[in-house]
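Coordinate analysis (summary)
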Amino acid sequence: MPGKIDATVDVILAKNGDPAAFIWDRFEHTVIGQPQAIFTRHPWWETSAIPTLIDTELWRLDASRGGAEQHRYDLRRDADGSWVLAVDWG
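Description of the structure in this document. Note that the structure is predicted; figures quoted are calculated from it, not measured.

Cut-off values and rules
Residues numbered from 1 in each chain as written. Predicted model: local features only at pLDDT ≥ 70, side-chain atom pairs only at ≥ 80, totals over all residues. Heavy atoms only, no water. Core = buried A, V, L, I, M, F, W, Y, C linked by side-chain atoms within 4.5 Å. Buried < 20%, exposed > 50% of the residue type's maximum accessible area, 1.4 Å probe, protein only. Helix = DSSP H or I, 4+ residues; strand = E, 2+ residues; numbered from the N terminus. Pairing = 2+ DSSP bridges. Axes fitted to C-alpha atoms, helices over the stretch in contact; angles between N-to-C directions. Lys, Arg positive; Asp, Glu negative; His and termini not counted. Salt bridge = Lys/Arg side-chain N within 4 Å of Asp/Glu carboxyl O. Polar contact = N/O pair within 3.5 Å; in protein donor to acceptor, adjacent residues only side chain to side chain. Contact = heavy atoms within 4.5 Å. Patch = residues over 30% accessible without salt bridge, like charges linked within 9 Å, V, L, I, M, F, W, Y side chains within 5 Å. Areas by Shrake-Rupley, 256 points an atom, 1.4 Å probe, with all protein chains shown as cover. Phe/Tyr/Trp six-rings, centres within 6.5 Å; stacked < 30°, edge-to-face > 60°. Lys NZ or Arg CZ within 6 Å of the ring centre and 35° of its normal.

This part covers the nonpolar core. Core analysis: the largest hydrophobic core is formed by eleven residues, namely Val9, Val11, Phe22, Val31, Trp59, Leu61, Ala63, Tyr73, Leu75, Trp83 and Leu85. Listing elements by their share of this core, those giving two or more residues are β1 (3-13), β4 (55-65), β5 (71-77) and β6 (83-88). Among the elements that line this core, the one with the most residues is β4, at three residues.

Put into structure tokens, the structure is as follows:
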């Protein structure tokens with residue numbers, strides 16, 4: 001069952017800009033395979049505020065901490081450039 005995390009993490013990017021690893025709770029998690037970029041649209045038309053960001057950038061990836069069993073995660077990049085570990089899919 002997926003678990004919502006919403007923790008700020010440091011992300012190490014590959015040369016092509018894809019996440020290669022992230023540091024969560026002092027441990028480095030290495031990305032395994034090719035991460036998938038997913039963009040979701042904010043319903044900006046439902047608010048009266050002018051949007052600063054229309055799409056949310058999500059990366060679905062498999063990662064492992066030090067050779068342990070791999071898990072699937074969703075990383076989110078916010079408008080300010082910070083990264084958030086959004087979901088641990090287990």
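Glancing now at the sheet that holds β4. Overall, antiparallel pairing links the six strands, which are arranged β1-β2-β3-β4-β5-β6 in a closed barrel. Direction aside, the axes of adjacent strands within the sheet are offset by 45° on average. One ladder, built from five bridges, connects β5 with β6; its direction is antiparallel. Following the sheet pairing, Arg76 is matched in β6 by Val84.

Now for the side chain of Asp88. Position of Asp88 relative to the elements: it lies in strand β6. Look at Asp88: it is buried, it has no salt bridge, and the nearest opposite charge is Arg72 at 9.2 Å. A distance of 2.8 Å separates the side chain of Asp88 from the backbone nitrogen of Gly90, its partner in a polar contact. With residues near it in sequence (within four places) discarded, Asp88 still touches Met1, Pro2, Gly3, Ile5, His71, Arg72 and Tyr73.

A separate point is a nonpolar patch on the surface. Taken together, Trp44, Trp45 and Ile54 make up a surface patch of nonpolar side chains, about 330 Å² in accessible area. Inspection of the secondary structure puts Ile54 in the loop between β3 (27-41) and β4. Residue class for Ile54 comes out partly exposed when judged on its relative accessible area of 37%.

In this section: the packing of aromatic side chains. The tally for this structure, following the rule as stated, stands at two aromatic pairs. With a centroid separation of 5.3 Å and 80° between ring planes, the pair formed by Phe22 and Tyr73 is classed as edge-to-face. One end of the pair, Phe22, is in strand β2 (residues 19-24); the other, Tyr73, is in strand β5, and 51 residues separate them in sequence. The exposure class of Tyr73 is buried, given its relative accessible area of 4%. Look at Trp24 and Tyr73: their rings are 6.2 Å apart centre to centre, the planes differ by 75°, and that puts the pair in the edge-to-face class. Here Tyr73 lies in strand β5 and Trp24 lies in strand β2, a separation of 49 residues in the sequence. Classification of Trp24 as partly exposed rests on a relative accessible area of 23%. Through a chain of ring-to-ring contacts, the aromatic side chains of Phe22, Trp24 and Tyr73 assemble into a single cluster. Between the NZ or CZ atom of Arg65 and the centre of the ring of Phe27, over which it lies, the distance is 4.2 Å.

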